[in-house]
Amino acid sequence: MRKNVALIGMAGVGKSTTGAKLGERLGYHCVECDELMTEEATRRGVNKFLLSDPKFVALENDVILTLTDATQTIIDTGGSAIYSPEAMAMLKETSVIVYLKDSIDSIEQRFIARGMPHVVGIENKTFQELFRERTQLYEQYADITVDISGHPALDHTIDKIMEWLDQTQK
């Protein structure tokens, strides 16, 4: 039985909010990789938002790998974690991977409302191309996909994850 739950999905899909609530329901500690990346980048004397895509992915990889021995933890990954095969292999081994899926329109609206985050892989691609590319990777790594596009309520998302865990973790 895998001892953690890792959340993957596009930036703005609600991984942090879902992770906090799911952690409460399961009695698990929740870690936000974005926060850990900021701390590690500061420790290294760099601004993570100014890193090239390869260096950003390497930083994310390093941070995720520090969680190898975590137990009973919700791991809220950054949206680009799927670009690091090493980190994803570790998560696959130690965690149930939950892909929070939303429509491209909903995610674009969130970006418009709060500003465009640092999005790895967008250079020379449209947002639609990047979305399709990432969707394939998220689906490849996911143990469970929770499509929130038709049911954006947080409780619905948590209930779906809990149902899946109850059925498969016995």
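These numbers were taken from a predicted model, which means no experiment stands behind them. All chains use their own residue numbering, which begins from 1 and follows the written sequence. Predicted model: local features are reported for residues with pLDDT of at least 70 only, side-chain atom pairs are reported and counted for 80 or more only, and whole-chain, interface and lining totals are derived from all residues. Excluded from the side-chain calculations are hydrogens and water; all other atoms, namely the structure's heavy atoms, are used.

Student: Honestly, the state of the cysteines in this entry has me stumped. Any pointers?
Tutor: Working definition of a disulfide: a covalent bond connecting the sulfur atoms of two cysteines. Cysteine sulfur atoms that come within 2.5 Å of each other are treated as a disulfide pair. In the structure shown here, the tally under the stated rule is zero disulfides. There is no disulfide at Cys30, and the cysteine sulfur nearest it, in Cys33, is 9.2 Å away. Look at Cys33 and you get buried, because its relative accessible area is 0%. A simple rule labels every residue: compare its accessible area, found with a 1.4 Å probe on the protein chains alone, to the largest value its type can have, and call it buried under 20%, exposed over 50%, or partly exposed in between.

Student: Got a minute to help me understand the pairing of strand 5 (residues 144-147) in this structure?
Tutor: Residues in a regular strand point their side chains to alternate faces of the sheet. Note on conventions: DSSP H or I runs of at least 4 residues are helices, E runs of at least 2 residues are strands, and numbering of each starts at the N terminus. Burial along strand 5 is one-sided: Ile144 and Val146 are buried, and none of Thr145 and Asp147, which face the opposite way, are. Pairing geometry for strand 4 (residues 95-101) and strand 5, over four bridges, is parallel. Note that in strand 5 the partner of Tyr99 across the bridge is Thr145. Two strands make a pair as long as DSSP finds a minimum of two bridges between them.

Student: Got a minute to help me understand the pattern of salt bridges in this structure?
Tutor: Salt bridges are counted wherever a side-chain nitrogen of Lys or Arg sits within 4 Å of a carboxyl oxygen of Asp or Glu. In total, this model carries eight salt bridges according to the counting rule given. Between Lys21 and Asp155 there is a salt bridge whose closest N-O contact spans 3.6 Å. Within this pair, whereas Lys21 is found in helix 1 (residues 15-26), its partner Asp155 is found in helix 7 (residues 154-168), the two being separated by 134 residues in sequence. According to the relative accessible area criterion, Lys21 is partly exposed, its value standing at 29%. The partly exposed category is assigned to Asp155, whose relative accessible area is 44%. It is possible to trace a salt-bridge network through shared partners that takes in Glu40, Arg43, Arg44 and Asp62.

Student: I'm lost on the nonpolar core in this one. Help?
Tutor: Taken as a class, soluble globular proteins show a tendency for nonpolar side chains to be buried jointly. In this text, buried Ala, Val, Leu, Ile, Met, Phe, Trp, Tyr and Cys residues form a nonpolar core when linked through side-chain atoms within 4.5 Å. Residues Ile8, Ile64, Leu67, Ile75, Met88 and Leu91 are the most contacted members of the largest nonpolar core, which totals 28 residues. Of all the elements, helix 6 (residues 127-141) adds the most residues to this core, at five residues. Note on contacts: a residue pair is in contact if any heavy atoms of the two residues lie within 4.5 Å. Apart from the residues lying within four places of it in its own chain, the contact partners of Leu67 are Val31, Cys33, Leu36, Ile75 and Met90. Listed in part, the 15 residues of the second largest apolar core include Val5, Leu7, Val98 and Leu165.

Student: Honestly, the environment of Val146 in this entry has me stumped. Any pointers?
Tutor: On the secondary structure map, Val146 appears in strand 5. On the basis of relative accessibility, which here comes to 3%, the residue Val146 falls in the buried class. Remark: the alpha-carbon pair of Val146 and Leu50, spanning 96 residues in sequence, is separated by 32 Å. When neighbours within four sequence positions are excluded, Val146 is seen to be in contact with Val98, Tyr99, Leu100, Lys101, Thr157, Lys160 and Ile161.

Student: Please clarify how the confidence of the model for the protein should be interpreted in this entry.
Tutor: When pLDDT is low, close inspection of the predicted coordinates is not appropriate. As a per-residue measure, pLDDT tells how confident the predictor is, with possible values from 0 to 100. On average, residues of the protein score 91 in pLDDT, and 96% of them are at 70 or above. Least confident of the elements in the protein is helix 5 (residues 104-114), whose mean pLDDT is 81; most confident is strand 3 (residues 73-76), at 98.

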